[in-house]
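If you want the building blocks of each chain, they are given just below.
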Amino acid sequence: MLNLVLFGPPGAGKGTQSEKLIRKYNLVHLSTGDLLRSQIAAGTELGLRAKQLMDNGLLVPDEVVIGMIESKLQENQSAPGFIFDGFPRTVNQAIALDQLLDQHQTRITVMVALVVDSEELTRRLLLRGQTSGRPDDQNEELIRRRVQEYNDKTAPVADYYNQQQKYVAIDGIGSIEDIFQTICQKIEESVVR
Ligand code: AMP
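Not measured: the values here are computed from a predicted model.

Peer 1: How should the site of the ligand be read in this particular structure?
Peer 2: Around the ligand sit 15 residues, and of these Thr-32, Arg-37, Leu-58, Gly-86 and Arg-89 come closest. The contact in question runs from a nitrogen atom of the ligand to an N or O atom on the side chain of Gln-93, over 3.0 Å. Taking Arg-134, its side chain carries an N or O atom lying 3.3 Å from an oxygen atom of the ligand. For the ligand, whose unbound accessible area comes to 490 Å², protein coverage reaches 96%.

What follows is the structure, encoded as structure tokens:
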């Protein structure tokens, strides 16, 4: 099984690269951001609570996203592998993910981190906000808060995977295709390791 964590701040290109990786490796895409947005669209109670936090650039509680990932793993037991996009975002989530995968007799193969500086992130997110319809992409102050949440709570997740020798950093500035080729190369190196 190939289980990939695609890591990086908002606007680093995780969604774009995920789409290409899913096609190439036939993976099931698990994006907690997308799962939360579908809860919001469906008007569920969970969605309503998450929306308040998301609209303020804050993370939703660990148990909410861990629960969503747990049920997706259950639903997709015969998948050839998973790509985790926007998850785990805290060390607690990373620990929970290891436990869940262990229950399914599998583990994370590699975490690929896309590295992009915060000025470029702001530029990309504001541009995306013109077409994505996402309220959290349309306000510079909110974008800054999301990047701050990333630096405070999510960046330490990289150390967690580094300790397991599963962390690979890639320059997230460049052509989509070049970045994709580098990611594939790193995945293939990790699979044979
Ligand atoms: P994303 O689509 O990954 O940029 O996520 C959009 C928003 O959803 C984030 O700013 C958070 O408010 C929330 N979110 C998504 N994934 C997580 C997660 N793993 N943990 C906590 N909050 C999350």
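Peer 1: When you look at the environment of Leu-125 in this model, what are you seeing that I'm missing?
Peer 2: With respect to the helices and strands, Leu-125 occurs in helix H6 (residues 118-132). Taking relative accessible area as the criterion, Leu-125 reaches 0% and is therefore assigned buried. Sequence spacing of Leu-125 and Asp-98 is 27 residues, and the spatial spacing of their C-alpha atoms is 31 Å.

Peer 1: Help me understand the sheet that holds strand E3 (residues 81-85) in this model?
Peer 2: Hydrogen bonding along the main chain pairs the strands of a sheet, whether they run parallel or antiparallel. Pairing within the open sheet is parallel, and its 5 strands lie in the order E2-E3-E1-E4-E5. At either end of the open sheet lies a strand with only one pairing partner, and these are strand E2 (28-31) and strand E5 (167-171). Taken over all neighbouring pairs, the strand axes of this sheet differ in orientation by 20° on average, direction set aside. In the sheet, E2 pairs with E3 via 4 bridges, with the strands oriented parallel. Within E3, the residue paired with Leu-30 across the bridge is Phe-84. The strands touched by helix H1 (residues 14-25) within the sheet are strand E1 (2-7), E2, E3 and strand E4 (110-115), with E1 carrying the most contacts at an inclination of about 165°. The strands that helix H7 (residues 140-163) touches are E1, E4 and E5; relative to E1, the one it contacts most, it runs at about 145°.

Peer 1: Got a minute to help me understand the layout of surface pockets in this structure?
Peer 2: Rolling a probe over the atoms, with the probe sized like a water molecule, indicates the empty space that remains. Quantified by volume, the largest pocket comes out at close to 1100 Å³. Lining the largest pocket are 50 residues, and of these Pro-10, Gly-11, Lys-14, Arg-128 and Arg-134 sit closest to its centre. Among the secondary structure elements, those contributing two or more residues to the lining of the largest pocket are E1, H1, E2, helix H2 (32-42), H6, H7 and helix H8 (176-192). Broken down by element, the residue count for the lining of the largest pocket peaks at 6 residues, all from H6.

Peer 1: What's the story with H7 in this structure? I'm lost.
Peer 2: Since the α-helix turns once every 3.6 residues, residues separated by three or four places project in the same direction. For H7, which comprises 24 residues, the first-to-last C-alpha distance of 34 Å matches the rise-based estimate of 34 Å (1.5 Å per residue) to within 8%. The largest bend along H7 reaches roughly 45° and is located at Asn-151. The set of residues buried in H7 consists of Leu-142, Ile-143, Arg-146, Val-147, Glu-149, Tyr-150, Thr-154, Val-157, Ala-158, Tyr-160 and Tyr-161. Where the residues of H7 are buried, they touch E1, helix H5 (91-103), E4, H6 and E5. With its phi angle positive at about 55°, Gln-165 sits one or two positions after the end of H7.

Peer 1: Just to check I follow, could you spell out the packing of H5 against H7 for this structure?
Peer 2: Each pair of packed helices can be described by the angle between their axes along with the distance between the axes. Two elements in contact, H5 and H7, have axes separated by 8 Å at closest approach and are oriented at 40°. The orientation of H5 relative to H7 falls into the category oblique. The residues of H7 that touch H5, namely those facing Val-91, Ala-94, Ile-95, Leu-97 and Asp-98, are Pro-156, Val-157, Tyr-160 and Tyr-161. Of the residues that constitute the contact of H5 with H7, the class distribution is 8 nonpolar, no polar and 1 charged.

Each value, and the rule that gives it
Residues numbered from 1 in each chain as written. Predicted model: local features only at pLDDT ≥ 70, side-chain atom pairs only at ≥ 80, totals over all residues. Heavy atoms only, no water. Near = heavy atom within 4 Å. Polar contact = N/O pair within 3.5 Å; in protein donor to acceptor, adjacent residues only side chain to side chain. Areas by Shrake-Rupley, 256 points an atom, 1.4 Å probe, with all protein chains shown as cover. Helix = DSSP H or I, 4+ residues; strand = E, 2+ residues; numbered from the N terminus. Buried < 20%, exposed > 50% of the residue type's maximum accessible area, 1.4 Å probe, protein only. Pairing = 2+ DSSP bridges. Axes fitted to C-alpha atoms, helices over the stretch in contact; angles between N-to-C directions. Contact = heavy atoms within 4.5 Å. 1 Å grid on protein atoms, 1.4 Å probe; cavity = no way out; pocket = protein on both sides within 12 Å on 5 of 7 lines; lining within 4 Å. Points joined across faces, edges and corners; volume = space filled by probe spheres on them. Expected span 1.5 Å × (residues − 1). Bend = angle between axes of the 7 residues up to and from the residue. Parallel < 35°, antiparallel > 145°, perpendicular 65-115°, else oblique. Nonpolar A, V, L, I, M, F, W, Y, C, P; charged D, E, K, R; others polar.

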